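What the coordinates show
Residue strings, one per chain:
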Amino acid sequence: MSEVAERAGAGAAAQTILELLPEPVILVRGGEGEAAEIAYGNQAAREVFRIELAGAPLGAALRRPEVLETIEAALEMEAAAEVAFETIGVQPRFWRAFARPLAREAGGERRLVVVLRDETDARRTERMRADFLANASHELRTPLASLAGFVETLRTHAKDDTEAREKFLGIMAQQATRMARLVDDLLSLSRIELNEHIAPSGKVDLARTVQDVSDALRPLTEERGVSVMVRVDAEVTPVTGDRDQLVQVIQNLVDNAVKYTPRGGKVLVALQAAATVEAARQPSRSGVGLSLLSPDAAESQRYVVLRVTDEGPGIARQHLPRLSERFYRVEGQRSGGTGLGLAIVKHVVNRHRGGFIVESAEGEGSTFSVYLPIAALQS
Ligand code: ADP
């Protein structure tokens, strides 16, 4: 192949690559008093900025005056520039534009390549991180403020009051426990998130695990006057899982159920086999059910369903979708918990490629169900 033909071939390939790039790329020309215009826009640029024709003014694509000014100044000075901006529409998006001048041929015009990067997802993640940090700090601040207040009281007004001192020390111990629980839950959540993309490979006997958790909770349930019944169907087989994490799931669900059930009431923990994902999702009662997490699963996947049913006050429909958000609590309920329990459940179940459903109505108790893929028989 001749050198010219080879170069032409490489040029065509470069053009194709440019067209296929997912990032919008625009070639701008102008300067020297002339308005900047678009010489070329790749497919992504044409779609995102709805520019059809080469020769359109740059302002047709980039409407924000400050963006236009930055690019025009870069063109005029043949210098690199960078600018961030937001496009509004049905879905607002955040962009960063990188402008780079092209070397000018003798007598040629000024040209600039503008590459746009969509930073919407990065911004969203950043916002979530900031919100989470603000919430976590706020949650820690409340018991901390109370501790500091009691320390001050013990040093001053209650200095010589033995009775008050005992009482305040009791409250302080409670607040310290609460802070420790919060830190433990935060650490758990962050550990689970770190390996959420790696599915567990162990084999867990859920029937035994449920029994172990229920035995461990006995002192608490007896103190609260609530009985916990465990019912395991004969067809239940082991699931693929991480035992410690599944203990946390069962513990958090049973803990909540016991916490909200009035004295003398019952909590039922049931394990059932489900031959398909449809069967696993079957409602266990009439009323309002909502899936908080649903796996991408083959129709033939078999599951074990864990259901925890309580005789508590139930949860109004509008709260259901938000229950597994971090720190979300139903107003008017002072659980004394961390607000992280159901978030932990959701993340563990997600790692296990399982599903999570809540069924509840005000005045009718609640059923929280988790379904987990069964382990392969031979392994
Ligand atoms: P917490 O530590 O506050 O219990 P969770 O994440 O476990 O945090 O639960 C979030 C909220 O969901 C609780 O604060 C409570 O309002 C509600 N909730 C959870 N489980 C139940 C239940 N079994 N019955 C009624 N409300 C519940």
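None of the values given here were measured: they were computed from a predicted structure.

Over its 33 residues, helix α6 (residues 162-194) runs 48 Å from end to end, which matches the ideal 48 Å to within 8%, given 1.5 Å per residue. Of the surrounding elements, those touching the buried residues of α6 are α5 (120-155), α9 (243-260) and α11 (341-351). Taking the backbone nitrogen of E163 as reference, a side-chain oxygen 3.2 Å away marks D161 as the first, capping residue of α6.

All right, on to the domain arrangement of the protein then. The domains assigned to the protein are domain 1 (3-118), domain 2 (119-198) and domain 3 (199-379). The C-alpha centroid of domain 3 is placed 53 Å from the C-alpha centroid of domain 1.

So, on to the packing of helix α7 (residues 206-216) against α9. Each pair of packed helices can be summarised by the angle the axes make with each other and by the distance between the axes. Close contact between α7 and α9 brings their axes to 10 Å; oriented N to C, the two are set at 55 degrees. Taken together, the axes of α7 and α9 lie oblique to each other. The two elements α7 and α9 cross, and the hand of that crossing is right-handed. Between α7 and α9, the contacting residues are L206, T209, V210, D212 and V213 on the first element and R243, L246, V247, I250 and Q251 on the second. Considering only residue class, the contact of α7 with α9 consists of 6 nonpolar, 2 polar and 2 charged.

Below, the discussion takes up the pairing of strand β4 (residues 93-101). On a regular strand, each side chain points to the face opposite its neighbour's, so the side chains alternate between the two faces of the sheet. Relative to β4, strand β3 (residues 81-87) runs antiparallel, the two sharing 7 bridges. Bridged to T87 within β4 is R93. Connecting the antiparallel pair β3 and β4 is a turn made up of 5 residues. With 7 bridges connecting them, β4 and strand β5 (residues 110-118) associate as antiparallel partners. Its bridge partner being in β5, W95 is matched across the sheet by D118.

This part is about the environment of A44. Within the secondary structure, A44 is located in helix α2 (residues 43-49). On the accessibility criterion, A44 (9% relative accessible area) is buried. Separated by 24 residues in the primary sequence, A44 and L20 have C-alpha atoms spaced 7.8 Å apart. Beyond its immediate sequence surroundings of up to four residues, A44 is in contact with L21, P22, E23 and P24.

This paragraph deals with the nonpolar core. L253, L306, L323, F356 and V370 are the most contacted members of the largest nonpolar core, which has 48 residues in total. Sequence-distant contacts of L306, defined by excluding residues within four places in its chain, comprise V210, I250, L253, V269, A270, L271, F368, S369 and V370. The next biggest cluster of nonpolar side chains, apart from the first, holds 24 residues, and it includes F49, I71, W95 and A99.

This part takes up the packing of aromatic side chains. Within this structure, the stated rule accounts for 5 aromatic pairs. Arranged with centres 6.1 Å apart and planes meeting at 25 degrees, the rings of F132 and F327 form a pair that is stacked. Pair noted here: F132 is in helix α5 and F327 is in the loop between β11 (303-309) and α11, with a separation of 195 residues, a long-range link. Exposure remark for F132: the relative accessible area of 25% places this residue in the partly exposed category. Given a relative accessible area of 10%, F327 falls into the buried group. Ring geometry for F356 versus F368: centroids 6.3 Å apart, planes at 35 degrees, classification tilted. Within this pair, whereas F356 is found in strand β12 (residues 355-360), its partner F368 is found in strand β13 (residues 366-373), the two being separated by 12 residues in sequence. The buried category is assigned to F368, whose relative accessible area is 9%.

Cut-offs applied
- For every chain, the first residue of the written sequence is number 1, and numbering continues from 1 along that sequence.
- Given that the model is predicted, a residue must reach a pLDDT of at least 70 before its local features are reported, and side-chain atom pairs must reach 80 or more before they are shown or counted; all residues, however, enter totals for whole chains, interfaces and linings.
- Excluded from the side-chain calculation are hydrogens and water; included are all heavy atoms of the structure.
- Helical segments are the DSSP runs of H or I of at least four residues, strand segments are the runs of E of at least two, and each set is numbered from the N terminus.
- An expected span of 1.5 Å times one less than the residue number is assigned to each helix.
- In this description, contact between two residues means that some pair of their heavy atoms is separated by no more than 4.5 Å.
- Counting of polar contacts relies on pairs of N or O atoms within 3.5 Å, with two restrictions inside protein: one atom must be capable of donating a hydrogen and the other of accepting it, and residues adjacent in sequence are counted only when both atoms are side-chain atoms.
- Domain boundaries shown here were taken from an automatic or database domain assignment.
- Note on geometry: axes are C-alpha line fits, over the in-contact stretch for helices, and angles between N-to-C directions span 0 to 180 degrees.
- Angles are sorted into four bins: roughly parallel if under 35 degrees, roughly antiparallel if over 145, roughly perpendicular if 65 to 115, and oblique for all others.
- Note: crossing handedness is left-handed where the near helix turns anticlockwise from the far helix by less than a right angle, and right-handed where it turns clockwise.
- Classes in brief: Ala, Val, Leu, Ile, Met, Phe, Trp, Tyr, Cys and Pro nonpolar; Asp, Glu, Lys and Arg charged; the others, Gly included, polar.
- We treat two strands as partners when DSSP finds at least two bridges between them.
- The rule is simple: take the accessible area with a 1.4 Å probe, protein chains only, and divide by the maximum for that residue type; under 20% is buried, over 50% is exposed, in between is partly exposed.
- Take the buried Ala, Val, Leu, Ile, Met, Phe, Trp, Tyr and Cys residues and link them wherever side-chain atoms come within 4.5 Å; each set so joined is a nonpolar core.
- When the centres of two rings from Phe, Tyr and Trp lie within 6.5 Å, Trp using its six-membered ring, the rings pair. Their planes under 30 degrees apart give stacked, over 60 give edge-to-face, and anything left gives tilted.

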